[in-house]
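# Summary of structural features
One letter stands for each residue in the lines below.
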Amino acid sequence: MKLLTAIIKPHKLDEVKAALEAFGVQGMTVSEASGYGRQRGHTEVYRGAEYTVDLVPKVRLEVLVDDADAADVVEVVVKAAQTGRIGDGKVWTTPVDDVVRVRTGEHGVDAL
Amino acid sequence: MDTGDTAWVLASAALVLLMTPGLALFYGGMVRTKSVLNMMMMSFGALALISVLWVLYGYSIAFGDDLGAGLVGDPTQFIGLKGLLGDSNLVFTVPAMAFVAFQAVFAIITVALISGAIADRAKFGTWMVFSGIWATIVYFPVAHWVFAFDGATAGEDSVGGWIANRLGAIDFAGGTAVHINAGAAGLALALVLGKRVGFGKDPMRPHNLTLVMIGAGLLWFGWFGFNAGSAIGANGIAAVAWVNTMVATGAAALGWLITEKLRDGHATSLGAASGVVAGLVAITPSCSSVNPVGAILLGLVAGVVCAFAVGLKYKLGYDDSLDVVGVHLVGGIWGTLAVGFLATADAPAGVDGLFFGGGVSQLGKQAVGAGAVLVYSFVVTYILGLILQKTIGFRIDTEDEVSGIDLAAHAESAYDLASSSTGTFRPTSGSVSVTSQEVPA
């Protein structure tokens, strides 16, 4: 099993979610995040004083997937989240030892 | 007694009282989440304390018979508002108590205005001590200078303050006594307390501009009581002051926004809110002495000048956190001097300024009045601030300042948006534990 983590632009969340659902992904965890990459931050002006805001709002999306699906799911997320402009985000996967569904106690792939 | 006048003065007093909670929102939105409660508490603390002091002796110092030279009223004449309760005690055409109420809320907001200069870093207890002493030795006497007219409040033969009567400067609703006074005091305290940790380096963004906008709206609303109410009557003077207050404020917001658009590229909501307040400040002394077109010009200049003045603190290196100097001191000086330029004899005050052929004499009087209040307030506040700093301490610990004054000073957090925190709850902080069976039905 793998954990897919995607940092994406907040306004692309709905499209990514819809694409994942269409692929057959049954659940996900979404949280608000902030950070920056090559995009760096943005500038705001208050009473004439400029503030460079380093950390820009992002959405962090996490999905647990079977090893066999991992590469496809990454492609689905990347395709849906892409605008082609700087600041689109990143997607990565990490190996997962075990998953347990709390309600039933099922382990591994059965718990996905 | 005129019942119409009385109704208007009492309603105006309530309008002006609402300005201080409005100011709390205006200031509160401009600080960071960790210090919004303390910011608002400085205004509410002033509301609580100054209302009491005003009744006990403040009114008497401001409006009692002059003790000499037009500097201070007799603090014992109306102590505890003694002798003012009956209907027969009139100030102009309204009961003395209505005038007491109206002037009380001026004292409150003047003190509260100062707090914007020392956001995030002042001990709350010391702020309260400062507020009481400052009101006593600065605001109450200065209100006497500016608002106490001969024979008006302390008997027919009574003598009032020097600026209103001997000098003859026009300050209809408090450009000097309220705004220059609070602005100069704010500058003095900002210098005494020093810069916030990270000033000029860390971003200190306003945490909630919607609060700032609501606050500016409440200030504008309440300011109709402040300016039109200062006619102490429901009459044509009040109506002129009302229209001038509306239009100067609109023009100032435009002036600020245009300045921002040209200079920074964007017209901002904080700029609109700030322009509103700058315009209100500037029209305060002058709303009875200019015509509405003059008020537009006056407001426009106020918006542009204050939009530049708020940048001075970065150049000169003082941390007037929420721009009490840039908006209230600069706006107050401009509004007070503008009487000397833009006053027209057509307006209720009946004086011509420089642009209407009145020469420079009124301008000179305005400058003396503005300068006297500025210097007195700055010097006394600076000394008072230093004494408090050296004795009971005025500034909180650096650690508390960085982690947030709300928690350190008040043991509260303003926002519990993510309720993931855990802990235990006790209904009272005492040692007696209350169970549900023991609670009376």
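Residues numbered from 1 in each chain as written. Chains lettered and ligands numbered in written order. Predicted model: local features only at pLDDT ≥ 70, side-chain atom pairs only at ≥ 80, totals over all residues. Heavy atoms only, no water.

### Focus on the overall build of chain B
If you tally the helices and strands in chain B, you get 15 helices and two strands. The C-alpha atoms of chain B give 22 Å as radius of gyration, which agrees with the globular expectation for 441 residues (22 Å, within 12%). Judged by the C-alpha coordinates and their principal axes, chain B covers about 70 × 55 × 45 Å. With 441 residues in all, chain B has 55% of them scored as buried. (Helix = DSSP H or I, 4+ residues; strand = E, 2+ residues; numbered from the N terminus. Rg over C-alpha atoms; globule rule 2.2 N^0.38 Å. Buried < 20%, exposed > 50% of the residue type's maximum accessible area, 1.4 Å probe, protein only.)

### Concerning the layout of surface pockets
Residue and element names in this part refer to chain B. By volume, the largest pocket is sized at about 480 Å³. As for the largest pocket, its lining consists of 23 residues, and the residues nearest its centre are Phe149, Asp171, Phe172, Ser230 and Ser288. It is helix H3 (residues 96-114) that provides the largest number of residues to the lining of the largest pocket, a total of four residues. Its residues placed into classes, the lining of the largest pocket shows 18 nonpolar, four polar and one charged. (1 Å grid on protein atoms, 1.4 Å probe; cavity = no way out; pocket = protein on both sides within 12 Å on 5 of 7 lines; lining within 4 Å. Points joined across faces, edges and corners; volume = space filled by probe spheres on them. Nonpolar A, V, L, I, M, F, W, Y, C, P; charged D, E, K, R; others polar.)

### Notes on the nonpolar core
Membership of the largest hydrophobic core comes to 131 residues, with the highest contact counts inside it found for Phe26, Trp54, Tyr59 and Tyr139 of chain B. With 15 residues, the single largest contributor to this core is H3 of chain B. Beyond its immediate sequence surroundings of up to four residues, phenylalanine 26 of chain B is in contact with Arg47 of chain A together with Leu211, Val212, Gly215, Ala216, Leu219, Ala273 and Val277 of chain B. (Core = buried A, V, L, I, M, F, W, Y, C linked by side-chain atoms within 4.5 Å. Contact = heavy atoms within 4.5 Å.)

### What to know about the packing of H3 of chain B against helix H7 (residues 209-228) of chain B
All names here are of chain B. Viewed as axis vectors pointing N to C, H3 and H7 meet at an angle of 135°, and their least axial separation amounts to 11 Å. Compared by their axis directions, H3 and H7 come out oblique. Note that H3 runs across H7; the crossing there is left-handed. Of the residues in H7, those touching H3 at Phe102, Phe106 and Ile109 are Leu219, Gly225 and Phe226. Of the residues that constitute the contact of H3 with H7, the class distribution is five nonpolar, one polar and no charged. (Axes fitted to C-alpha atoms, helices over the stretch in contact; angles between N-to-C directions. Parallel < 35°, antiparallel > 145°, perpendicular 65-115°, else oblique. Left-handed = near helix turned anticlockwise from the far one by under 90°.)

### Brief notes about the packing of aromatic side chains
Residue and element names in this part refer to chain B. If you walk through the whole model with that rule in mind, you get 24 aromatic pairs over all chains. Relative to phenylalanine 140, the ring of tyrosine 139 has its centre 6.4 Å away and its plane inclined at 80°; by these criteria the two rings are edge-to-face. The buried category is assigned to tyrosine 139, whose relative accessible area is 0%. A residue is classified by how much of its surface remains accessible, and phenylalanine 140, at 0% relative accessible area, is buried. Relative to tyrosine 376, the ring of tryptophan 145 lies with its centre 5.1 Å away and its plane at 55°, an arrangement referred to as tilted. Here the residue tryptophan 145 occupies a position in helix H4 (residues 124-147), and tyrosine 376 occupies one in helix H13 (residues 361-391), the gap between them amounting to 231 residues. Relative accessible area serves as the criterion here: at 6%, tryptophan 145 is assigned to the buried category. Site record: aromatic cluster; members linked through ring pairs are Trp54, Tyr57, Tyr59, Phe63, Phe78, Phe99, Tyr139 and Phe140. The ring centre of phenylalanine 308 lies 5.1 Å from the NZ or CZ of arginine 263, which sits over that ring. (Phe/Tyr/Trp six-rings, centres within 6.5 Å; stacked < 30°, edge-to-face > 60°. Lys NZ or Arg CZ within 6 Å of the ring centre and 35° of its normal.)

### Side note on H7 of chain B
Residue and element names in this part refer to chain B. Along its 20 residues, H7 runs 28 Å from first to last C-alpha, staying within 8% of the 28 Å computed at 1.5 Å per residue. In the structure, H7 departs most strongly from a straight axis at glycine 222, where the bend amounts to approximately 30°. Those residues of H7 lying buried are Leu211, Val212, Gly215, Ala216, Leu219, Gly222, Trp223, Phe224, Gly225, Phe226, Asn227 and Ala228. Elements in contact with the buried residues of H7: helix H1 (3-30), H3, helix H6 (175-193), helix H8 (236-264) and helix H9 (269-283). (Expected span 1.5 Å × (residues − 1). Bend = angle between axes of the 7 residues up to and from the residue.)

### Section: the sheet that holds strand S6 (residues 89-95) of chain A
Residue and element names in this part refer to chain A. One open sheet accounts for four strands, arranged S2-S5-S1-S6; its pairing is antiparallel. Strand pairing shows two members of the sheet lacking a second neighbour, strand S2 (29-35) and S6, which therefore form its edges. Shown here is a sheet whose adjacent strand axes are inclined to one another by a mean of 20°, direction ignored. Bridge count for strand S1 (residues 2-8) against S6 is seven bridges, and the pairing is antiparallel. Following the sheet pairing, alanine 6 is matched in S6 by valine 91. Contacts from helix H1 (residues 13-23) reach S1, S2 and strand S5 (56-65) within the one sheet, and its direction differs from that of S5 by about 10°. (Pairing = 2+ DSSP bridges.)

### Considering the interface of chain B and chain A
Each partner contributes residues to the interface: chain B has 20 residues there, and chain A has eight residues. Surface buried jointly by chain B and chain A totals about 1,100 Å² across both partners, of which 58% is contributed by carbon and sulfur atoms. Between chain B and chain A we count two salt bridges in total. Measuring nitrogen to oxygen at the nearest pair gives 3.0 Å for the salt bridge that ties glutamate 44 of chain A to arginine 205 of chain B. One can count five residue pairs in polar contact (both at pLDDT 80 or more) joining chain B with chain A. Partitioned by chemical class, the residues of the side of chain B that touches chain A number 12 nonpolar, two polar and six charged. (Buried area = accessible area lost by both parts, 1.4 Å probe. Salt bridge = Lys/Arg side-chain N within 4 Å of Asp/Glu carboxyl O. Polar contact = N/O pair within 3.5 Å; in protein donor to acceptor, adjacent residues only side chain to side chain.)

### Regarding the environment of leucine 85 of chain B
Mapped onto the elements of the fold, leucine 85 of chain B is located in the loop between helix H2 (36-63) and strand S1 (90-91). A C-alpha to C-alpha distance of 8.4 Å links leucine 85 of chain B and proline 95 of chain B, two positions 10 residues apart in sequence.

### Points about the confidence of the model for chain B
Averaged over every residue, the pLDDT of chain B is 94; residues scoring 70 or more account for 96%. Of the two predicted TM-score estimates for the complex, the pTM is 0.88 and the ipTM is 0.76. (pLDDT = per-residue confidence, 0-100.)

### A word on unusual backbone geometry
All names here are of chain B. The residue leucine 81 is not glycine, and still its phi comes out positive at about 60°. You can see leucine 81 is positioned in the loop between H2 and S1. Overall, the relative accessible area of 8% leaves leucine 81 in the buried class. Backbone geometry at phenylalanine 92 places phi at a positive 55°, although glycine is not the residue there. Looking at the secondary structure, you find phenylalanine 92 in the loop between S1 and strand S2 (94-95). Among the residues examined, phenylalanine 92 registers a relative accessible area of 48% and is labelled partly exposed.

### A few points about the packing of H6 of chain B against helix H12 (residues 324-342) of chain B
Residue and element names in this part refer to chain B. Where H6 meets H12, the closest approach of the two axes is 8 Å, and the angle between their N-to-C directions is 145°. The chirality of how H6 crosses H12 is left-handed. The segment H6 lies against H12, with Gly175, Thr176, His179, Ile180, Ala182, Gly183, Ala184 and Leu187 engaging Val324, Val325, His328, Leu329, Gly332, Ile333 and Thr336. Within the contact of H6 with H12, the residues separate by chemical class into eight nonpolar, seven polar and no charged.

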